[in-house]
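Understanding the architecture of this molecule
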Amino acid sequence: MERYRDRAARVRAFGERVLAPTIEEEFRAARPNPAAIPAMAAEGLLGWSLPPRYGGLGHDYRALAVLCEELGRIDAAHQITVTVHLALVGLSILQWGSEAQRQRWLPLLARGERIATFALTEPGAGSDVGALIASARRGGPGYVLNGEKSWISLADEATLFLVFASVDRARRHHGITAFLVERGTPGLSTTTYPGKLGIRAGSTGSVIMQDVRVGPDALLGQEGEGFAVAMAALGNGLYTVGAGAVGAAQAALDATVAFLHTIDPSGTGPARSQWVQQRVARMVSGVERSRLLIHRAGALKNRGVPNARETGLAKWQATEAAFQACQDALAIRAAFGPPPYDPIERILANAKGSVIFGGTSQIHTGMQAGYALGYRPERAPRCPAPTATDLAAS
Ligand SMILES: Cc1cc2nc3c(=O)[nH]c(=O)nc-3n(C[C@H](O)[C@H](O)[C@H](O)COP(=O)(O)OP(=O)(O)OC[C@H]3O[C@@H](n4cnc5c(N)ncnc54)[C@H](O)[C@@H]3O)c2cc1C
């Protein structure tokens, strides 16, 4: 545990120095900090859990949770950068890519010379991934991609897109295929949504593909294997979203403690009321339970043990606990003073996003029931997920 504490202290020091000072301003102005991603790259955070032989730092999954908790403690926008770039794309290339693809892309991702994002969701296909209509038809030696992806994090910043399209919609999940597409490929364009409720210090937008031609080397995994690629990627993505939610809940708790110390320095006034204490205790319980669930999932990932049930449970519980913690924190602030209620309003608005992406709470509820009832057997993917030993390989 000691080495995880060291890692947390390192990220916290970086975050407090570089990311935290301007975060409220960026959120209010809905303006991402253009220096944030280059600074994270320079610190090694974008290659945090990629193997040293591809230029990464080789940290294991529990250390990845620590990174995302510390970034989530500052703001979900920064944690999402790691979620899409590293957890959803970098680790997918490591798991499913050919050696040539790993050597081509992973050092660029580790150095931040390419910023990657994950483009699965469509206007008509979110929870129901099998409904996606983006198409990939064979053309020349490769494929021609058409379609629109919506709600894509870092759409305008990304320079490498892991895109999912179907070679045959009649085959539903079995037609979905994964492609790595570089910005600059003719026919690919992006836009950013203005005026979101949360994650305002980060961008989210659409990726549009109009006759985008890619070669056969763009294929990640095999034709028709994209659903398995997407689900494996989401197993890592939602793990990091859950870890980020632990950080958000911790930030809400820390802000509440600081506020109560300000209005009641001796602890004999409002802080002693049962109403306040119940809320503070519920926040503590949410943070601690979530952190344990996330680290249990991380320990399974480190050993290469199937963990979809444990990871999904951790994400669902952590994001719900963070949302509850923000509501408790806001209630306490509102009970004892007028607005503004920063940073709680910001953390609460962000927490709404966390219960949606990586699978909504309703989807995770159904999945957990399915596991308990024995309707959701876990199938081993063709390419096994990298273990902690694989991540550390030099
Ligand atoms: C800030 C943000 C960033 C995002 N970033 C990305 C990204 O980088 N890449 C990407 O691909 N996607 C991204 N997404 C999209 C996200 O993954 C989807 O929004 C999510 O999967 C839900 O899909 P949907 O919005 O289409 O909602 P829908 O699937 O249409 O769901 C609408 C409502 O119906 C409920 N529902 C749906 N199906 C069921 C069911 N079977 N049982 C019970 N209830 C159900 C849902 O829980 C939800 O409440 C992001 C979303 C947000 C908000």
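Our subject is the structure that appears above.
Residues numbered from 1 in each chain as written. Predicted model: local features only at pLDDT ≥ 70, side-chain atom pairs only at ≥ 80, totals over all residues. Heavy atoms only, no water.

Before going further, it helps to spend a moment on the overall build of the protein. Along the backbone of the protein there are twelve helices and eight strands. In terms of overall dimensions, the protein is globule-like: its C-alpha atoms have a radius of gyration of 21 Å, near the 21 Å expected for 394 residues. Taken over the C-alpha atoms alone, the protein extends approximately 75 × 45 × 40 Å along its principal axes. In the protein, buried positions account for 55% of the 394 residues. Of the contacts made within the protein by residues no fewer than 6 positions apart, 76% connect residues no fewer than 24 positions apart. By element, 56% of the accessible surface of the protein is carried by carbon and sulfur atoms, the whole surface being about 16200 Å². Distance from the positive charge centre (41 side chains) to the negative charge centre (34 side chains) of the protein: 4 Å. (Helix = DSSP H or I, 4+ residues; strand = E, 2+ residues; numbered from the N terminus. Rg over C-alpha atoms; globule rule 2.2 N^0.38 Å. Buried < 20%, exposed > 50% of the residue type's maximum accessible area, 1.4 Å probe, protein only. Contact = heavy atoms within 4.5 Å. Areas by Shrake-Rupley, 256 points an atom, 1.4 Å probe, with all protein chains shown as cover. Lys, Arg positive; Asp, Glu negative; His and termini not counted. Charge placed at Lys NZ, Arg CZ, Asp CG, Glu CD.)

Here Ser49 lies in the loop between α3 (36-42) and α4 (61-74). Residue Ser49 is classed as buried on the basis of its relative accessible area of 1%. Polar side-chain contacts of Ser49 include one of 2.9 Å to the backbone oxygen of His59. Once residues within four sequence positions are removed from consideration, Ser49 is found in contact with His59, Asp60, Leu64, Leu86, Leu91 and Leu391. (Polar contact = N/O pair within 3.5 Å; in protein donor to acceptor, adjacent residues only side chain to side chain.)

Most of helix α10 (residues 344-354) is tucked away, with nine of its eleven residues classed as buried. Those residues of α10 that fall on the buried side of the exposure criterion are Ile344, Arg346, Ile347, Leu348, Ala349, Asn350, Ala351, Gly353 and Ser354.

Near the ligand you find 15 residues, and of these Thr121, Ser127, Trp151, Thr360 and Gln362 are the closest. Leu120 places a main-chain nitrogen or oxygen 3.0 Å from an oxygen atom of the ligand. Within the contact set of the ligand, an oxygen atom lies 2.6 Å away from a side-chain nitrogen or oxygen of Ser127. Its free accessible area being 980 Å², the ligand has 63% of it covered by the protein chains. When contributions to the shell around the ligand are tallied by element, the ones reaching two or more residues are β3 (142-153) and α11 (361-373). At three residues, the largest contribution of residues to the shell around the ligand is made by β3. Its residues assigned to classes, the shell around the ligand comprises eight nonpolar, seven polar and no charged. Among the domains, domain 2 (117-224) and domain 3 (227-391) are the pair contributing at least three residues each to the shell around the ligand. (Near = heavy atom within 4 Å. Nonpolar A, V, L, I, M, F, W, Y, C, P; charged D, E, K, R; others polar. Domains from an automatic or database assignment.)

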